Amino acid sequence: MSTERVELDGSFGEGGGQILRTSLALSLLTGRGFHLKHIRARRSKPGLQPQHLMCVKAAAAIGDAGVRGASLGSTDLVFDPGTVTAGNYRFDIGTAGATSLLLHTLYLPLALKGARASSLTLVGGTHVEKSPCYHFLDITWRPWLAQLGLDVRLQMVHPGFYPRGGGVVEVHIEPCTTLRGIEVGARQRFRLTGFSAVASLPEDIALRQARRAVERLEAKGYHADIKTESWEGGPGTVLGLCVQTTPVPAFFFGLGARGKRAERVADEAVEQVLAYLASDALVDPHSADQLLLPLALAPGPSTYRVGEVTSHLLTNIDVICAFVNRDILCEGEAGATGTVRIV
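Residues numbered from 1 in each chain as written. Predicted model: local features only at pLDDT ≥ 70, side-chain atom pairs only at ≥ 80, totals over all residues. Heavy atoms only, no water.

1. Let's talk about the pairing of strand β5 (residues 88-92)
Along any regular strand the residues' side chains alternate between the sheet's two faces.
Point 1. Across the two faces of β5 the burial differs, with Y89 and F91 buried and N88, R90 and D92 not buried at all.
Point 2. Pairing of β5 with strand β6 (residues 118-124) involves 5 bridges; the strand directions are parallel. Among the inter-strand pairings, Y89 is bridged to a residue of β6, identified as L120.
Point 3. Taking the sense of rotation as the criterion, the β-α-β connection linking β5, helix α3 (residues 99-113) and β6 turns out right-handed. (Buried < 20%, exposed > 50% of the residue type's maximum accessible area, 1.4 Å probe, protein only. Helix = DSSP H or I, 4+ residues; strand = E, 2+ residues; numbered from the N terminus. Pairing = 2+ DSSP bridges. Right-handed = clockwise from strand over helix to strand, strands pointing away.)

2. Here we look at unusual backbone geometry
Point 1. Residue Y162 is joined to P163 through a cis peptide bond whose omega torsion reads 5 degrees.
Point 2. Assignment of secondary structure puts P163 in the loop between β7 (152-158) and β8 (167-173).
Point 3. The amide bond that connects T246 to the next residue, P247, takes the cis arrangement and shows omega of 0 degrees.
Point 4. Residue placement: P247 occurs in the loop between β12 (236-244) and β13 (250-255).

3. Examining the sheet that holds strand β10 (residues 191-199)
Point 1. Spatially, the 4 strands line up as an open sheet ordered β11-β10-β12-β13, and their pairing is mixed. Two strands close off the open sheet at either side, each with one partner strand: β11 (224-231) and β13. Taken pair by pair, the neighbouring strands of this sheet meet at an average axis angle of 15 degrees, ignoring direction.
Point 2. Here 6 bridges tie β12 to β13, and the two strands are oriented antiparallel to one another. The residue bridging V243 from the neighbouring strand is A250, located in β13.
Point 3. Against the sheet, helix α5 (residues 203-219) makes contact with β10, β11 and β12, and its axis sits at roughly 165 degrees relative to β11, the strand it touches most. (Axes fitted to C-alpha atoms, helices over the stretch in contact; angles between N-to-C directions. Contact = heavy atoms within 4.5 Å.)

4. Concerning the layout of surface pockets
Point 1. Estimated volume of the second largest pocket: approximately 150 Å³.
Point 2. Lining the second largest pocket, in full, are I139, T193, G194, F195, D225, I226, K227, E229, C242 and Q244.
Point 3. Among the secondary structure elements, those contributing two or more residues to the lining of the second largest pocket are β10, β11 and β12.
Point 4. Considering every element that reaches the lining of the second largest pocket, the biggest residue donor is β11, with 4 residues. (1 Å grid on protein atoms, 1.4 Å probe; cavity = no way out; pocket = protein on both sides within 12 Å on 5 of 7 lines; lining within 4 Å. Points joined across faces, edges and corners; volume = space filled by probe spheres on them.)

5. Here's the deal with α5
Every α-helical turn comprises 3.6 residues, leaving residues that sit three or four positions apart pointing alike.
Point 1. End to end, α5 covers 25 Å across 17 residues, agreeing with the expected 24 Å (1.5 Å per residue, within 8%).
Point 2. Restricting attention to buried positions, one finds in α5 the residues I205, A206, Q209, A210, A213 and L217. Projected onto a plane normal to the axis of α5, the buried residues spread over an arc of 130 degrees and lie on a single side.
Point 3. Of the surrounding secondary structure, the elements contacted by the buried residues of α5 are β10, β11, β12 and α6 (262-277).
Point 4. Taken from the residues just after α5, G221 is the one with a positive phi, measuring 90 degrees. (Expected span 1.5 Å × (residues − 1). Arc of directions from axis to C-beta.)

6. Some thoughts on the pairing of β12
Point 1. Counting buried residues in β12 gives 8 out of 9 residues, a clear majority hidden from the surface.
Point 2. In this structure, β10 lies alongside β12, joined through 9 bridges in antiparallel fashion. Across the sheet, residue L192 finds its bridge partner in β12, namely V243.

7. Details of the environment of H223
Point 1. Inspection of the secondary structure puts H223 in the loop between α5 and β11.
Point 2. C-alpha separation for the pair H223 and P235, spaced 12 residues apart in sequence, amounts to 29 Å.
Point 3. Filtering out sequence-adjacent residues up to four positions away, H223 remains in contact with L192 and E218.

8. Thoughts on the sheet that holds β8
Point 1. Overall, mixed pairing links the 4 strands, which are arranged β5-β6-β8-β7 in an open sheet. Taken across any chain shown, the strands that pair with only one partner, and hence form the sheet edges, are β5 and β7. Here the average twist between neighbouring strands, direction ignored, is 15 degrees.
Point 2. In this sheet, β8 lies alongside β7 in antiparallel orientation, the contact comprising 6 bridges. Looking at the pairing, R153 lines up with H172 of β8.

9. A few points about the environment of H172
Point 1. Its location among the elements puts H172 in strand β8.
Point 2. Overall, H172 belongs to the partly exposed group, its relative accessible area being 23%.
Point 3. C-alpha of H172 to C-alpha of A224: the two residues are 52 residues apart in sequence and 32 Å apart in space.
Point 4. Discounting residues that sit within four places of it in the chain, H172 has contacts with A117, S118, S119, D151, V152 and R153.
Point 5. At 2.8 Å, the side chain of H172 and the side chain of E174 are in polar contact. (Polar contact = N/O pair within 3.5 Å; in protein donor to acceptor, adjacent residues only side chain to side chain.)

Nothing here speaks to function; it is all geometry.
Put into structure tokens, the structure is as follows:
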């Protein structure tokens, strides 16, 4: 394997933080440094924002890496990895930045390169826009990892919503010697469950979210059992819907915001579920790109159908292939159903 730095342009593909996170993880896993320019060039606030900067600092901490360009707003980064060390780590993003995306950067290097189990305490946002929420991690992401032979356990100690943040997630990661590939076909039977939760807000909001979701789903012929919950912390609100199927459930959610009606929160979650159920693909669009990295390192082939080929999926394929010699094929047009083959 080449030891030369990988040269990457952060403006290609989806042009966001995923390029950075995948590059950090792969650098620690392969021992190859990288130079990333034009970081998050397609975003309204280009460059490293707090959650991206914490991903860099955390990756450097667990991997004894040398870094140049790790500062807020930086659009150019050089990362040279050292040796990954398992241990107990605490990382505080300092904002409502997504703890889930920080975890995505760290879990695989610690699992595959760590000589013993690791524990992480991650502080920031647990339920924030444009990132997997805690419940997605626990209900969908973690069971998919188990299918691949990875043992990751999660606990939400305290929820954290935008803009306050302050959520706390504790993570336990067991070392893994060999990953398993997967062959995933069509989705079979399923049932719908969910929850509507408020944190430091009137319980009527949770009831309205649940009522709207049930009405929308019943209009399409689906029954959903949705419970209401009240959490400490916040303020914030979330409606989560779970498509209970085997071997792994699919989870979708909508989040409240100042001035945003409870009914709109429910609509956002319902529309994601209806889009997912429009095809027979088992793997949801978010899991599709998240599965790529561990499967690219698993011996043997893997195949899975996805309900939607996204720009995140296509971009992740390009980044992974820049670091490792693996044939990854995506059959299907962007925005349509497709099949991912790792050969």
